[in-house]
Amino acid sequence: MSYSTLLILLCLLQIKHMLADYFLQTRMMLDGRGQYLHLGRFLHAGIHAVGSLLAFVLVGTAFAFILPVILLEWAVHFHIDWWKGRHTADLKLTPADAGYWRASGVDQALHQFTYVGMIWLWLMAAAA
């Protein structure tokens, strides 16, 4: 593993996140996000997991490492988005409210920390 590969992986995860969160979300994925069992959120987290799978494949990561990491990412992403959906629905927050944007900021920061964790696991696996 080189520093270049690490930076490429980080960039791939950032591009994946932008596409999955801002270009590939459908109305079904956005509506009803305060509900725990929500098909749209299930699919949205799945798009993130598939995107991460592709990012790890592109940097030559073994599938035995990728599978548990993307399943964990799916679960974490699902729950982060559920928290944000529930929080904004409970408080009836809209994009016109500062609290909505604070919740969005926390949501995005938690997703970024997820990528830090995924890359840390990838580095530990490469060092083993």
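Our structure's up above, just so we're on the same page.
Keep in mind that this is a model prediction, so the values were computed, not measured. (Residues numbered from 1 in each chain as written. Predicted model: local features only at pLDDT ≥ 70, side-chain atom pairs only at ≥ 80, totals over all residues. Heavy atoms only, no water.)

## Some thoughts on the packing of helix 4 (residues 63-90) against helix 5 (residues 98-127)
So, point 1. Viewed as axis vectors pointing N to C, helix 4 and helix 5 meet at an angle of 170°, and their least axial separation amounts to 10 Å. Considered as vectors, helix 4 and helix 5 are oriented roughly antiparallel to each other. (Axes fitted to C-alpha atoms, helices over the stretch in contact; angles between N-to-C directions. Helix = DSSP H or I, 4+ residues; strand = E, 2+ residues; numbered from the N terminus. Parallel < 35°, antiparallel > 145°, perpendicular 65-115°, else oblique.)

## Re the side chain of Arg41
So, point 1. Summarising the element assignment, Arg41 is placed in helix 3 (residues 39-58).
So, point 2. A polar side-chain atom of Arg41 sits 2.7 Å from the main-chain carbonyl oxygen of Arg33. (Polar contact = N/O pair within 3.5 Å; in protein donor to acceptor, adjacent residues only side chain to side chain.)

## Comments concerning helix 4
So, point 1. For helix 4, with 28 residues, the first-to-last C-alpha span of 40 Å sits near the 40 Å given by 1.5 Å per residue.
So, point 2. Considered for burial, the residues of helix 4 that qualify are Phe65, Ile66, Val69, Ile70, Glu73, His77, Phe78, Ile80, Asp81, Lys84, Gly85 and Thr88.
So, point 3. Looking at the packing, one finds that the buried side of helix 4 touches helix 1 (3-23), helix 3 and helix 5. (Expected span 1.5 Å × (residues − 1). Buried < 20%, exposed > 50% of the residue type's maximum accessible area, 1.4 Å probe, protein only. Contact = heavy atoms within 4.5 Å.)

## Let's talk about the side chain of Arg33
So, point 1. Inspection of the secondary structure assignment puts Arg33 in the loop between helix 2 (27-30) and helix 3.
So, point 2. Taking the relative accessible area as the measure of exposure, Arg33 reaches 13% and is therefore buried.
So, point 3. Leave out the neighbours within four places in its chain, and Arg33 touches Gln25, His38, Arg41, His44, Asp81, Trp82, Gly85 and Arg86.

## Description of the nonpolar core
Taken as a class, soluble globular proteins show a tendency for nonpolar side chains to be buried jointly.
So, point 1. Counting 15 residues, the largest nonpolar core has Leu9, Leu13, Phe56, Phe65, Met118, Ile119 and Trp122 as the members making the most contacts within it.
So, point 2. Among the elements of the structure, helix 1, helix 3, helix 4 and helix 5 are those that each provide at least two residues to this core.
So, point 3. Excluding anything up to four places from it in sequence, Trp122 contacts Met1, Thr5, Leu6, Leu9, Phe56, Val59, Thr61 and Phe65. (Core = buried A, V, L, I, M, F, W, Y, C linked by side-chain atoms within 4.5 Å.)

## Re unusual backbone geometry
So, point 1. We note that Lys92 has phi near 55°; this positive angle belongs to a residue other than glycine.
So, point 2. Judged by its relative accessible area of 68%, Lys92 is exposed.

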